[in-house]
Amino acid sequence: MQLVKAGRDALLKPLQVVSGIVERRQTLPILANVLVRKDGENVSFTATDLEIQIQTAAAIGAGRDAAATTVSARKLVDILRALPEADVALSLAGKKITVQSGRSRFNLQTMAADEFPAVAAAEYSADFELPAGTLKYLLSMVHYAMAAQDIRYYLNGMLLVLDGQTVRAVAT
């Protein structure tokens, strides 16, 4: 079954976005993969490290059917980068995905899509009003403690706590 038929860059761009969080050495082999889900013309790509999940979508699907599988993110991106700018087709047959462009053909092993861990989507919303000067002062009191480029991404930000009429900012 053909999943994708599009230009190399049209396929490479969304894959590069999600493959950024995929690490080479994983405790679970499925975490090195990207989930490719096709529903008609819409194709979505999802990657996770069990803490962060990134998903992108593009209208590059071939056919009207639906399918889902996972494939090694790094290998797929490396293959697409090496290909010349031309149309690329991704086809799924059994437990293999075939990447085809011109005379080039690559077969990659896949894993079942239902084994891919889904991170629960969280939606937060809060409304509050605060004078700009007060907010600036609050942020200036904690911004020095925020990491700039720590690999522990949660240290690169700040916790903003809204509790009734109180607003607290925390950074470490």
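All of these numbers come straight from a predicted model, not from anything done at the bench.

Quick notes on the rules
Residues numbered from 1 in each chain as written. Predicted model: local features only at pLDDT ≥ 70, side-chain atom pairs only at ≥ 80, totals over all residues. Heavy atoms only, no water. Salt bridge = Lys/Arg side-chain N within 4 Å of Asp/Glu carboxyl O. Buried < 20%, exposed > 50% of the residue type's maximum accessible area, 1.4 Å probe, protein only. Helix = DSSP H or I, 4+ residues; strand = E, 2+ residues; numbered from the N terminus. Core = buried A, V, L, I, M, F, W, Y, C linked by side-chain atoms within 4.5 Å. Pairing = 2+ DSSP bridges. Axes fitted to C-alpha atoms, helices over the stretch in contact; angles between N-to-C directions. Contact = heavy atoms within 4.5 Å. Arc of directions from axis to C-beta. Polar contact = N/O pair within 3.5 Å; in protein donor to acceptor, adjacent residues only side chain to side chain. Left-handed = near helix turned anticlockwise from the far one by under 90°. Nonpolar A, V, L, I, M, F, W, Y, C, P; charged D, E, K, R; others polar.

Asks: When you look at the pattern of salt bridges in this model, what are you seeing that I'm missing?
Replies: Should their charged atoms come close, side chains of opposite charge can pair. The tally for this structure, following the rule as stated, stands at 4 salt bridges. One salt bridge in this structure joins Arg8 and Asp9, with 3.1 Å as the shortest N-O distance. What makes Arg8 buried here is its relative accessible area of 15%. Assessed through its relative accessible area of 41%, Asp9 is described here as partly exposed. Across the pair Glu85 and Arg8 runs a salt bridge, and its minimum N-O distance is 3.7 Å. Remark: Arg8 occurs in helix α1 (residues 8–19) and Glu85 occurs in the loop between α2 (73–82) and β6 (87–93); sequence separation between them is 77 residues. Salt bridges sharing common partners tie together Arg8, Asp9 and Glu85.

Asks: Explain the nonpolar core here, please?
Replies: The nonpolar side chains of a soluble globular protein tend to be buried with one another. In terms of nonpolar packing, the biggest core is built from 30 residues, with Leu11, Phe45, Leu80 and Val99 touching the most fellow members. Elements supplying a minimum of two residues to this core: β1 (2–7), α1, β2 (33–39), β3 (42–48), β5 (66–72), α2, β6 and β7 (96–101).

Asks: Please explain the sheet that holds β5 as it appears in this structure.
Replies: The sheet built from 8 strands is open, its strands ordered β1-β6-β7-β8-β5-β2-β3-β4 with antiparallel pairing. The sheet is open, and its two borders are formed by β1 and β4 (53–58), each paired with just one other strand. Mean inter-strand twist for the sheet, computed between neighbouring axes without regard to direction, equals 25°. The pairing of β3 with β4 spans 6 bridges and is classified as antiparallel. Within β4, the residue paired with Thr48 across the bridge is Gln53. The strands touched by α2 within the sheet are β2, β5, β6, β7 and β8 (104–111), with β5 carrying the most contacts at an inclination of about 90°.

Asks: Just to check I follow, could you spell out α2 for this structure?
Replies: Helical geometry: 3.6 residues make up each α-helical turn, so side chains three or four residues apart lie on a common side. Every buried residue of α2 is accounted for by Ala73, Leu76, Val77, Ile79 and Leu80. One face of α2 carries all of its buried residues, which in axial projection span an arc of 160°. Opposite the buried face of α2, by more than 90 degrees, sit the exposed residues Lys75 and Ala82. For α2, the elements touching its buried residues are α1, β2, β5, β6, β7 and β8. Of the residues flanking the start of α2, the one acting as N-cap is Ser72, its side-chain oxygen 3.5 Å from the backbone nitrogen of Lys75.

Asks: How should the environment of Ser140 be read in this particular structure?
Replies: With respect to the helices and strands, the residue Ser140 is situated in helix α3 (residues 132–140). Judged by its relative accessible area of 34%, Ser140 falls in the partly exposed class. Sequence separation between Ser140 and Lys96 is 44 residues, and the spatial gap between their C-alpha atoms is 53 Å.

Asks: Help me understand the packing of α1 against α2, please; the structure alone is not making it clear to me.
Replies: How two helices sit against one another is set out by the angle between their axes and by the gap between those axes. Two elements in contact, α1 and α2, have axes whose closest approach is 10 Å; the angle formed by their N-to-C orientations is 145°. Of the two possible hands of crossing, α1 and α2 adopt the one that is left-handed. For the pair formed by α1 and α2, the contact residues are Arg8, Leu11, Leu12, Leu15, Gln16 and Ser19 on the first element and Ala73, Arg74, Leu76, Val77, Leu80 and Arg81 on the second. Tallied by class, residues from the contact of α1 with α2 come to 7 nonpolar, 2 polar and 3 charged.

Asks: How should the side chain of Lys38 be read in this particular structure?
Replies: Residue placement: Lys38 occurs in strand β2. Separated by 3.4 Å, the side chain of Lys38 and the backbone oxygen of Gly40 make a polar contact. Setting aside chain neighbours within four positions, we find Lys38 in contact with Gln2, Leu3, Val43, Gly61, Ala62, Gly63, Arg64, Asp65, Ala66 and Ala67.

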